[in-house]
Amino acid sequence: MSRSAHPAGPRHADVLPEGHYSAPPADLNALDPKVWAQTVTRDEDGVVTVGGIPVTRLAEEYGTPAYVLDEADFRARARAWRSAFGADADVFYAGKAFLSRAVVRWLHEEGLNVDVCSGGELATALSAGMPADRIAFHGNNKSVDEITRAVEAGVGHIVLDSFQEIVRVAHIAQGLGKRQKVLIRITVGVEAHTHEFIATAHEDQKFGIPLAGGQAAEAVRRALQLDGLELVGIHSHIGSQIFDMSGFEVAAHRVVSLLKAVRDEHGVELPEIDLGGGLGIAYTSDDDPREPHEIAKALTEIVTRECEAAKLRTPRISVEPGRAIVGPTAFTLYEVGTIKPLDGLRTYVSVDGGMSDNIRTALYDAEYSVALVSRTSDAEPMLARVVGKHCESGDIVVKDAFLPSDVAPGDLIAVPATGAYCRSMASNYNHVLRPPVVAVDGGEARVIVRRETEEDLLRLDVG
């Protein structure tokens, strides 16, 4: 599979068609480091460990299903992004991937900023001690209350997403006696190689102001005229789970063309450019993601080259990795329940979670890996479909994978690369309780987001 191929689905990428499966791996007990967190290994008894802790112990202490997050891996990835871009650029962690107060504190300590897109995410970042000036606030339909809270808190940037929002933010800021720094999010007309639901730079979608037809240029004119706003740059985000850098090259060319037009019309060189996030991770061994230093080098060279051609000073670059930091750092630990072989097709392996803790397979046709983690096995491989316990035929966690044919009820299996979007998109479908997030580091484990209880559900049900 090439870098441009996308595991989210077949609509915009080259993936295997339904019913066509690759051969089983040579060793079902092996753990590919591309898809597992850095400290994951097997001990001498064949049990998978993370941060030095066996998953069997984690299951006993915290139950299943559970999201298990490798703190050392998270911090290492955050540092790698910070180091790759250096002091002359900004790295904003995209909080929508997964946000908790512990994560915010880790980001603060590792020198990253935070990107939020709701009042709840803003409250989480602020309550965990992230300085407001290191927070950027996104969203296509921010409420008046959310904007007011953001301006009052002193967030570093608000990303303007519409003509109405330009006026709305300016009015609120002026009423509070402030001048709010803003970026204008534009859609540059790039078709990213990704699933249609997570492609965000073509014109026919809800985000941003189109570059086509002069709309983005008009947005700049309006923002520059309003006293409550300090326009500092342009924002562009072309999609998510992208491996191919060519889309970023086209986007940067078009963004810089807008910066040149702004200079020529208004005599203003905007000092910042935010190229968004969306860089892919490995969900399966076939995926080939780029390293942070490769991404930083490529993006910096693209912007520098385009600015030199336009005779512009190179603006300060911002990027917004979320999935690329937290995605590979966690796996979801399940206990096997019902096993249902279907002759000539596959074996259905049911687990004690499902689409309530990972909606991505149902939503995006996403692909995942899976492994037996409570023991090793020398049994022959079987084609399996890992499914959940919900009343939906689409309740699939891993559509097609190979597991040992002796997998039995009570075994523990784990799905890697579930740190991004799984907990943040989790639901209470069928009134199933959302799992905890358990952070492990240096032989110690602690809950950073506790498991929901039935009391939690009933507390919201006022009768």
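Residues numbered from 1 in each chain as written. Predicted model: local features only at pLDDT ≥ 70, side-chain atom pairs only at ≥ 80, totals over all residues. Heavy atoms only, no water.

Visitor: Which residues make up the pairing of strand β15 (residues 346–351), and what values go with them?
Guide: Burial analysis of β15 places 5 of its 6 residues in the buried class, which makes it a mostly covered element. Two strands pair when backbone bridges link them, and strand β14 (residues 330–342) and β15 are joined in this way by 5 bridges, in the antiparallel orientation. Its bridge partner being in β15, Ile 339 is matched across the sheet by Val 349. Connecting β14 to the next strand, β15, in antiparallel fashion are 3 residues, including Gly 344 with a positive phi near 80°. (Buried < 20%, exposed > 50% of the residue type's maximum accessible area, 1.4 Å probe, protein only. Helix = DSSP H or I, 4+ residues; strand = E, 2+ residues; numbered from the N terminus. Pairing = 2+ DSSP bridges.)

Visitor: Can you explain the environment of Gly 354? Please cite residues and give values.
Guide: By the element assignment, Gly 354 lies in the loop between β15 and α11 (360–364). Accessibility expressed as a relative area gives 0% for Gly 354, which makes it buried. Separated by 22 residues in sequence, Gly 354 and Thr 332 place their C-alpha atoms 10 Å apart. Sequence-distant contacts of Gly 354, defined by excluding residues within four places in its chain, comprise Tyr 334, Gly 388, His 390, Asp 395 and Val 397. (Contact = heavy atoms within 4.5 Å.)

Visitor: Please set out the pattern of salt bridges residue by residue, giving values where relevant.
Guide: Counted under the stated rule, the structure contains 26 salt bridges. Between Arg 149 and Asp 145 there is a salt bridge, and its shortest N-O distance comes to 3.7 Å. Remark: Asp 145 and Arg 149 occur in helix α5 (residues 144–153); sequence separation between them is 4 residues, near one turn of the helix. A relative accessible area of 32% means that Arg 149 is categorised as partly exposed. Residue Arg 375 pairs with Asp 406 through a salt bridge whose shortest N-O separation is 3.3 Å. Residue Arg 375 is located in the loop between β16 (371–372) and β17 (381–387), and its partner Asp 406 is located in the loop between β18 (396–404) and β19 (412–416); the two are separated by 31 residues in the primary sequence. Residue Arg 375 is classed as partly exposed on the basis of its relative accessible area, which comes to 23%. (Salt bridge = Lys/Arg side-chain N within 4 Å of Asp/Glu carboxyl O.)

Visitor: Go over helix α1 (residues 55–62) with me, naming the residues and quoting the values.
Guide: Residues of α1 that are buried include every one of Val 55, Leu 58 and Ala 59, and no others. Viewed end-on, α1 has its buried residues packed into an arc of 100°, placing them on one side of the element. Immediately downstream of α1, the backbone of Gly 63 shows phi near 80°, a positive value. (Arc of directions from axis to C-beta.)

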